[in-house]
Amino acid sequence: MTGREDDTEGRGTDVERTFAAFPPARGRGFAATWWGQAWLTALEESALDLRQLKAGRRLARAGAVGVVSVRPGRITAMVRGRDRTAHRADVLVEPLAEAQWERFLDMAVERAGHVAALLDREMPPHLVEDASVTGIDLLPGPGELEPECACGAWDHCEHTAALCYQVARLLDEDPFVLFLMRGRGEQTLLADLQVRGDTASADGTQDSPASRARPGVDATEAYATGDILPPLPALPELPTEPGVPPSLNTEAAPGVPGVDPAALEVLAAGTAREAHRMLAEALRDTPGTVVELTVAQDAARLAAGVSGAGVTERLGEGSGRGREGLETAVRAWRLGGEAALSVLDEEWQVEGEAFARARAALESAWDEDERPPLRRDGNRWTVEDAPAQLRLGRDGRWWPYREEAGRWVPAGAPARDPATALATAQPDGHRTDGPLVPEGP
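About the cut-offs
Residues numbered from 1 in each chain as written. Predicted model: local features only at pLDDT ≥ 70, side-chain atom pairs only at ≥ 80, totals over all residues. Heavy atoms only, no water. Pairing = 2+ DSSP bridges. Helix = DSSP H or I, 4+ residues; strand = E, 2+ residues; numbered from the N terminus. Axes fitted to C-alpha atoms, helices over the stretch in contact; angles between N-to-C directions. Contact = heavy atoms within 4.5 Å. Phe/Tyr/Trp six-rings, centres within 6.5 Å; stacked < 30°, edge-to-face > 60°. Buried < 20%, exposed > 50% of the residue type's maximum accessible area, 1.4 Å probe, protein only. Lys NZ or Arg CZ within 6 Å of the ring centre and 35° of its normal. Parallel < 35°, antiparallel > 145°, perpendicular 65-115°, else oblique. Left-handed = near helix turned anticlockwise from the far one by under 90°. Nonpolar A, V, L, I, M, F, W, Y, C, P; charged D, E, K, R; others polar. Salt bridge = Lys/Arg side-chain N within 4 Å of Asp/Glu carboxyl O. Polar contact = N/O pair within 3.5 Å; in protein donor to acceptor, adjacent residues only side chain to side chain. Core = buried A, V, L, I, M, F, W, Y, C linked by side-chain atoms within 4.5 Å. Expected span 1.5 Å × (residues − 1). Arc of directions from axis to C-beta. Patch = residues over 30% accessible without salt bridge, like charges linked within 9 Å, V, L, I, M, F, W, Y side chains within 5 Å. Areas by Shrake-Rupley, 256 points an atom, 1.4 Å probe, with all protein chains shown as cover.

## Considerations on the sheet that holds strand β9 (residues 398–404)
Across the sheet, which stays open at both edges, the five strands sit in the order β6-β7-β8-β9-β10 with antiparallel pairing between neighbours. The strands lining the two open edges of the sheet, one partner per strand, are β6 (374–377) and β10 (407–410). Direction aside, neighbouring strands of the sheet carry axes that sit 30 degrees apart on average. When strand β8 (residues 388–392) meets β9, the two strands line up antiparallel, connected through five bridges. In the sheet register, Ala388 faces β9, and the bridge partner there is Arg402. Along the sheet, helix α13 (residues 322–345) makes contact with β7 (380–383), β8, β9 and β10, crossing β10 at roughly 50 degrees. Relative to the sheet, helix α14 (residues 352–365) contacts β6, β7, β8 and β9, its axis offset from that of β9 by approximately 70 degrees.

Here it is in structure tokens:
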């Protein structure tokens, strides 16, 4: 482990961990896992000055970040800046409240796969999604990484940016680092999960809810005392996952000619998932905006949850994508939903202010001697003589693409920084150093 845990401090306390400084590491990305990339996305969408991010990335690669201390709500390190002056850099993350931890523990013990993945130092996407449904955001979002630096900067400076880039490496190796930031160390979290699991097993023989039902109240009496009655009970909690429709895989022929049982099962399962999502949105304090999908986009959404080859083939034909096109669309959907499909399908001309922002981002993303040669076509920048491409979304994010078997396919999650996105698209060991090709609008 490159950023191995330092044995000299924080061992056994479970409230603070320290990690030895990383050695210099040029020419590589800072996050290989999806949760590490999500951490960097929160940084890149929070910082106001891309030049400071670029400088921080260079410091992190040069090994300028010292020992990193992680404890609830705060990460700290001494970072040596470009002028060789060392500054204490802190990044604050809001810990979860006790009630949030209780909901998280209840949710996690109901699915054994979550706990097993954590023990393998993995952060399964379903764990984060299930936690979000209960109102718990494990991964920080834009604006949630609050910087504090002895250099006096009020926004992310090169020192706090370097620290965040280094923490992305730590998160890659051990997702329990994230839980410690949110307020629970590894030992405490696993012990709480064990206790909660034992309690749930012991409660398996409880009386049914019907046997504990309260007696009714006379309607006339209730009306007469309406202003002094207790408030209505709270709404029932959201189920942890959608219900499972009944299986239609029987030997009997369909009662109506032309009905495909396998396709009907897919539609029923998709309806259950959509109903679960709509209920989750309704129970939130600030419901999100519902996006109306096109037929081709909805086919990709349905195919993402299908395992049968027959149904997948029908979806490919019905959407006009074909088998290979649908496979690519499913990959895009799993990476970013409707936004990722729009980037996959749509090619548009980057002009005016959007082009100026894109060009500035590309010029500041790499050092002069590390810039890859790029050829632009619309909103797509392709690395010359390399199977890697960047696609600019209308929201300003860069999506990495890789050429596979003669077609371009999504290679990872988007990033505000084109260098971070391109590092995901490039094959291991392939360098793209060289001058940036000039381009016009």
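Next comes the rest of the description.
## Describing the packing of aromatic side chains
A full pass over the atoms with the stated rule returns seven aromatic pairs. On the numbers, 6.0 Å between centres and 90 degrees between planes, the contact of Trp34 with Trp35 is edge-to-face. Judged by relative accessible area, Trp34 falls into the partly exposed class, the value being 32%. Ring pairs connect the aromatic residues Trp101, Phe104, Phe176 and Phe179, which therefore count as one cluster. Against the face of Phe22 rests Arg169, its NZ or CZ located 5.3 Å from the ring centre.

## Concerning the packing of helix α11 (residues 295–303) against α13
Between α11 and α13, the shortest axis-to-axis distance is 8 Å and the interhelical angle comes to 110 degrees. Looking at the two axes, α11 sits roughly perpendicular to α13. Note on packing geometry: the crossing formed by α11 with α13 is left-handed. Contact residues: Gln297, Ala299, Ala300, Arg301 and Ala303 in α11; Leu326, Ala329, Val330, Trp333, Glu338, Leu341 and Ser342 in α13. Residues belonging to the contact of α11 with α13 are distributed by class as follows: eight nonpolar, two polar and two charged.

## Notes on the environment of Leu190
Position of Leu190 relative to the elements: it lies in helix α8 (residues 186–202). By relative accessible area, Leu190 is classed as partly exposed at 25%. Sequence spacing of Leu190 and Leu119 is 71 residues, and the spatial spacing of their C-alpha atoms is 8.9 Å. With residues up to four places along the chain from it excluded, the contact list for Leu190 reads Leu119 and Phe176.

## What to know about the pattern of salt bridges
In this structure the tally under the stated criterion is 26 salt bridges. The partner of Glu324 in a salt bridge is Arg323, and the shortest N-O contact between them spans 4.0 Å. A single network of salt bridges, built from pairs that share partners, joins Arg74, Arg88, Asp90 and Glu148.

## Observations concerning the side chain of Thr76
Relative to the helices and strands, Thr76 resides in strand β3 (residues 74–80). Thr76 sits in the buried class, given a relative accessible area of 10%. A polar contact of 3.4 Å, which involves the side chain of Thr76, links it to the side chain of Arg71. With residues near it in sequence (within four places) discarded, Thr76 still touches Val67, Val68, Ser69, Arg71, Arg88, Ala89, Asp90 and Leu163.

## Let's talk about the nonpolar core
Core analysis: the largest hydrophobic core is formed by 57 residues, its most contacted members being Trp39, Phe104, Leu138, Leu163, Phe179 and Met181. Among the elements that take part in this core, helix α6 (residues 158–173) stands out by supplying nine residues, more than any other. The residues contacting Leu163, other than those within four sequence positions of it, are Val65, Val68, Ile75, Thr76, Ala77, Ala89, Asp90 and Val91. By size, the runner-up hydrophobic cluster in this structure holds 22 residues, among which are Leu362, Leu374, Leu390 and Trp398.

## Comments concerning helix α3 (residues 98–109)
For the α-helix, the turn length of 3.6 residues means that residues three or four positions removed from each other point alike. Over its twelve residues, α3 runs 17 Å from end to end, which matches the ideal 16 Å to within 8%, given 1.5 Å per residue. The set of residues buried in α3 consists of Trp101, Phe104, Leu105, Met107 and Ala108. Along the axis of α3, the buried positions cluster into a sector of 165 degrees, meaning they face one direction only.

## A short note on a nonpolar patch on the surface
A cluster of nonpolar residues, Leu235, Leu279 and Leu283, forms a patch on the protein surface that exposes about 290 Å² of accessible area. Tracing the backbone shows Leu279 in helix α10 (residues 261–283). In this structure Leu279 comes out as partly exposed when scored by relative accessible area, which is 38%.

## Structural notes on the environment of Glu346
With respect to the helices and strands, the residue Glu346 is situated in the loop between α13 and α14. In this structure Glu346 comes out as partly exposed when scored by relative accessible area, which is 30%. Along the primary structure Glu346 and Gly378 are separated by 32 residues, whereas in three dimensions their C-alpha atoms are 10.0 Å apart. Sequence-distant contacts of Glu346, defined by excluding residues within four places in its chain, comprise Asn379, Arg380 and Arg394. Polar side-chain contacts of Glu346 include one of 2.6 Å to the side chain of Arg394.

## Brief notes about the pairing of strand β4 (residues 86–92)
Counting buried residues in β4 gives five out of seven residues, a clear majority hidden from the surface. Relative to β4, β3 is paired through seven bridges, and the arrangement is antiparallel. By the bridge assignment for β4, Met78 is matched with Arg88. Sheet analysis places β4 next to strand β5 (residues 146–149), joined by four bridges and oriented antiparallel.

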